[in-house]
Amino acid sequence: MGIFDIIGPVMIGPSSSHTAGAARIGKYARRIYGVHKPFDLVEIDLYNSFSESGIGHGTDLAILGGILCFSVDDERILKSFEIAKEMGINFKFNFKGIDEDVGENACKITFHNNGKSFYVWGESIGGGLIHISNINGYSVSLFGRHPVLIVFAKDVPGIIAHVSKIIADAHINIAKAEIERDSSVSESLSVFKLDADFPKDKIPLILENKNILEVMTVERLEEL
Amino acid sequence: MKIKFRSFSELKEKAMGSNLPLGKFLIQYEALNEGKDPDFVISRMDRTLTAMEESIIKGLKGRNTSKTGFVDGWAYRVQEFSKDFNFHLLSEEFTEVIKNTLAVSEMNACMGRIVAAPTAGSCGVLPGSLLTVAKLKGVERNKIIEALFVAGGIGEAFQMLASLSGARHGCQAEVGAASSMAAGAIVSLFSDDIDAVESASAFALKNVLGLVCDPIGGFVEIPCIKRNVMGAVNAIASAQMALSGIRTLIPLDEVIIAMKRIGEKLPEELRETGLGGVAGTETAKLLLKKFKEKGS
């Protein structure tokens, strides 16, 4: 904690959890999916307090604003529905009501593209802070405070060694790493939280290993 | 080397050891801990101050109405009424405090741009009290920036000893904390005496111990916005007492701990759930029902 966590953030009201946190979940989910990657439809499922009192708090406007990459203090959040429509972005909100299995202020954001879907689960944990708990069925624990490298791969030995060698060669420290496997399809997801942005020109080096299916880099939320 | 403190008394001791006024000491603290230049953190606070000032100006431009329809141009009414009739119960300055606080809290409820200080629900208190006093007294900008660091330092003590969440400790930890932070910050505009800062903060918090968090429907509108006005007025009164030389017999840290203990005893209905207190009244339930029917 620092002084600017107390005197701040500068944000669009009315609620740090239901508005500022909601916008950050949207923005971070979009960064995980890929800021430049197109999609046909983004679907947002709202749960618990997000579903029950989201409208009055502008939670829907804020999440969509975040998906449009607006920051928590960007007044365009108020007009995010109109702006999305002007940009030709299709979006749909589903108010899912109460579900005790997910967080108090939780949402699932699904990007649909060409019949494929990609989803991220996020929750607003108070004071505008967020937690991303799941990416496409893999449990993760991301707070947006580190640059992240995400690797989808076949569940075979040597993936971590291969990737961590390339990270080391780029002179970047790994703050934390998480590995999750999905045994039903024999695939895995590795998340590397880094101390610096992973250079995009090194991604082809990672993909030289034919067991690696997809690599994504996610910038940190600069305001956190 | 980083500076650490775990309570207001530790902050006071370290600031006094540095021979710097509290605000200047906290600028050093923030710069060292974030690995930045003092100029960097000063200019960041300058931008934060600008955002606060803009929230007052925008909030007074017209009638603000919220999505629920509860907020209905209150700040604007105070502004127009006092102008039209030149009527002030106390003075123009006092009306200014009320009007500016309402303006910022209304901006928050109406999805305007505000500074959460320490929370969005209590965002009217610091601009409404500290900024209004500073402007009326012609205080220099750099001094106001330092006072915001003082407010932040006091807020950190709350965070370390208790919490700034209405859901945990009720409104005493939101508007109460904001009022306490503002009281100390106002004193720091006119005095470098850290005991005076501490006393003002302690007075303001003692005055609102036990205050529950009971927003209708969970929306930061009723009773929150008018409670911000209470917080601003309470901050100024507390600062006036401390500047007059009255000193708190109970240290601020102990008052914060008392707040925490009270917060822990508050039932869940009175901690931001929108169930008890004002939110639990028959009329509140009716108002909420009307809004929900309109929305669907």
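Residues numbered from 1 in each chain as written. Chains lettered and ligands numbered in written order. Predicted model: local features only at pLDDT ≥ 70, side-chain atom pairs only at ≥ 80, totals over all residues.

1. Overview of the overall build of chain B
To keep it simple, the criterion reads: A helix here means a DSSP run of H or I that spans at least four residues, while a strand means a run of E at least two residues long, and both kinds are numbered starting from the N terminus. With the radius of gyration taken over C-alpha atoms, the globule rule is written as 2.2 Å times the number of residues to the power 0.38. Around each residue's C-beta, the other C-beta atoms within 10 Å are counted; 20 or more make the residue buried, 12 or fewer make it exposed, and counts in between make it partly exposed. All C-beta atoms are placed from the backbone. What counts as a contact is two residues whose backbone-derived C-beta atoms lie within 7 Å of each other.
Of regular secondary structure, chain B possesses 13 helices and one strand. Against the globule reference of 19 Å for 296 residues, chain B gives a C-alpha radius of gyration of 19 Å, in line with a compact fold. The principal-axis extent of the C-alpha atoms belonging to chain B is close to 60 × 45 × 40 Å. Going through the 296 residues of chain B one by one, you find that 55% of them count as buried. For chain B, contacts bridging at least 24 residues in sequence account for 77% of all contacts bridging at least 6.

2. Let's talk about the nonpolar core
Soluble, globular proteins show a tendency: their nonpolar side chains are buried together. Note the cut-off: For the purposes of this analysis, a nonpolar core is taken to be any set of buried Ala, Val, Leu, Ile, Met, Phe, Trp, Tyr and Cys residues that are connected through C-beta atoms within 7 Å. In this document the domain limits rely on a domain assignment from an automatic tool or a database.
By size, the foremost hydrophobic cluster in this structure holds 153 residues, and its most contacted members are Ala151(B), Ala182(B), Ile186(B) and Ala200(B). The dominant element in this core, judged by the number of residues it contributes, is helix H9 (residues 175-190) of chain B, at 10 residues. Taken domain by domain, the makeup of this core includes at least three residues from each of domain 1 (3-136) and domain 2 (148-218) of chain A. Beyond its immediate chain neighbours, meaning those up to four positions away, Ala182(B) contacts Val125(B), Leu126(B), Ser129(B), Leu130(B), Ala151(B), Ala232(B) and Ala235(B).

3. Digging into the sheet that holds strand S4 (residues 105-113) of chain A
Residues and elements named next belong to chain A. Rules: Strand pairing is assigned whenever DSSP detects at least two bridges linking the two strands. Here, axes are lines fitted to C-alpha atoms. For helices the fit covers the stretch in contact, and angles between N-to-C directions go from 0 to 180 degrees.
Taking strand neighbours across the sheet as the criterion, the six strands line up as S3-S2-S4-S5-S6-S7 in an open arrangement whose pairing is mixed. The open sheet terminates on both sides in strands that have one partner only, identified here as strand S3 (91-95) and strand S7 (138-142). In this sheet, neighbouring strand axes are inclined to one another by 20 degrees on average, regardless of whether the strands run parallel or antiparallel. Here S4 runs beside strand S5 (residues 116-126); their pairing, made up of eight bridges, is antiparallel.

4. Some thoughts on the pairing of strand S10 (residues 187-194) of chain A
Residue and element names in this part refer to chain A. For S10, a buried count of seven out of eight residues is recorded, marking the element as mostly surrounded by other parts of the structure. Two elements, strand S8 (residues 148-154) and S10, share seven bridges in a ladder whose sense is antiparallel. Directly across from Ile150, in S10, lies its bridge partner Val191.

5. Some words on the packing of helix H10 (residues 194-208) of chain B against helix H11 (residues 224-243) of chain B
Residues and elements named next belong to chain B. Stated precisely, the cut-off is as follows: Angle categories are assigned with fixed cut-offs, so that under 35 degrees is roughly parallel, over 145 is roughly antiparallel, 65 to 115 is roughly perpendicular, and the rest are oblique. The handedness criterion is simple: a crossing whose near helix is rotated anticlockwise from the far helix by less than a right angle is left-handed, and one whose near helix is rotated clockwise is right-handed.
As a packed pair, H10 and H11 sit with axes 8 Å apart at the nearest point and diverge in direction by 140 degrees. In terms of their interaxial angle, H10 and H11 are classed as oblique. Between H10 and H11 lies a crossing whose hand is right-handed. Every residue of H11 that contacts H10 at Ala196, Ser199, Ala200, Phe203, Ala204, Asn207 and Val208 is listed here: Asn234, Ala235, Ser238, Ala239, Met241, Ala242 and Leu243.

6. Notes on the interface of chain A and chain B
Counted only if it meets this: Throughout this entry, Asp, Glu, Lys and Arg are counted as charged residues, while Ala, Val, Leu, Ile, Met, Phe, Trp, Tyr, Cys and Pro are counted as nonpolar. The remaining residues, Gly among them, count as polar.
With 24 residues of chain A at the contact, the number on the chain B side is 36 residues. Breaking the side of chain A that touches chain B down by element, the ones donating at least two residues are helix H1 (3-6), strand S1 (10-12) and helix H4 (54-57) of chain A. For the side of chain A that touches chain B, the residue count by class is 12 nonpolar, 10 polar and two charged. Note: S1(A) against strand S1 (residues 113-115) of chain B, three bridges, orientation antiparallel. Considered in S1(B), the bridge of Val10(A) is made with Val115(B).

7. What about the sheet that holds strand S9 (residues 174-182) of chain A?
Residues and elements named next belong to chain A. The strand order across the open sheet formed by four strands is S9-S10-S8-S11, and the pairing between neighbours is antiparallel. Every other strand in the sheet has two partners, leaving S9 and strand S11 (212-218) as the edge strands with one partner each. Ignoring which end each strand starts from, the neighbouring axes of this sheet average 15 degrees apart. Along the sheet, helix H7 (residues 159-169) contacts S8, S9, S10 and S11; its crossing angle with S10, the most-contacted strand, is approximately 25 degrees.

8. Regarding the domain arrangement of chain A
In terms of domains, chain A is made up of domain 1 (3-136) and domain 2 (148-218). Centre-to-centre separation of domain 1 of chain A and domain 2 of chain A, based on C-alpha positions: 26 Å.

9. Overview of the pairing of S4(A)
All names here are of chain A. Taken together, the seven bridges between strand S2 (residues 41-47) and S4 define a ladder with antiparallel strand orientation. Looking across to S4, one finds that Leu41 is bridged to His112. The turn linking S4 back onto S5 is made up of two residues, and Asn114 within it adopts a positive phi angle of 50 degrees.

10. Here we look at the environment of Ala196(B)
Residues and elements named next belong to chain B. Relative to the helices and strands, Ala196 is located in helix H10. Among the residues examined, Ala196 registers 23 C-beta atoms within 10 Å and is labelled buried. Placed 46 residues apart in sequence, Ala196 and Ala242 show a C-alpha to C-alpha distance of 5.3 Å. Excluding its chain neighbours within four sequence positions, the residues that come into contact with Ala196 are Val187, Ser191, Ala242 and Leu243.

11. A word on helix H2 (residues 16-33) of chain A
Residues and elements named next belong to chain A. In plain terms, the rule: One less than the number of residues in a helix, times 1.5 Å, gives the span that helix is expected to have. Bend, in this description, refers to the angle at a residue between axes fitted to the seven residues ending there and the seven starting there.
Here H2 contains 18 residues, and its C-alpha end-to-end distance of 24 Å stays within 8% of the 26 Å for a straight helix at 1.5 Å per residue. The largest bend in H2 comes to about 25 degrees, at Ala22. Judged by how many residues are buried, H2 sits mostly within the fold: 18 of 18 residues are covered. Positive phi shows up at Gly34, right after H2, with a value of about 125 degrees.

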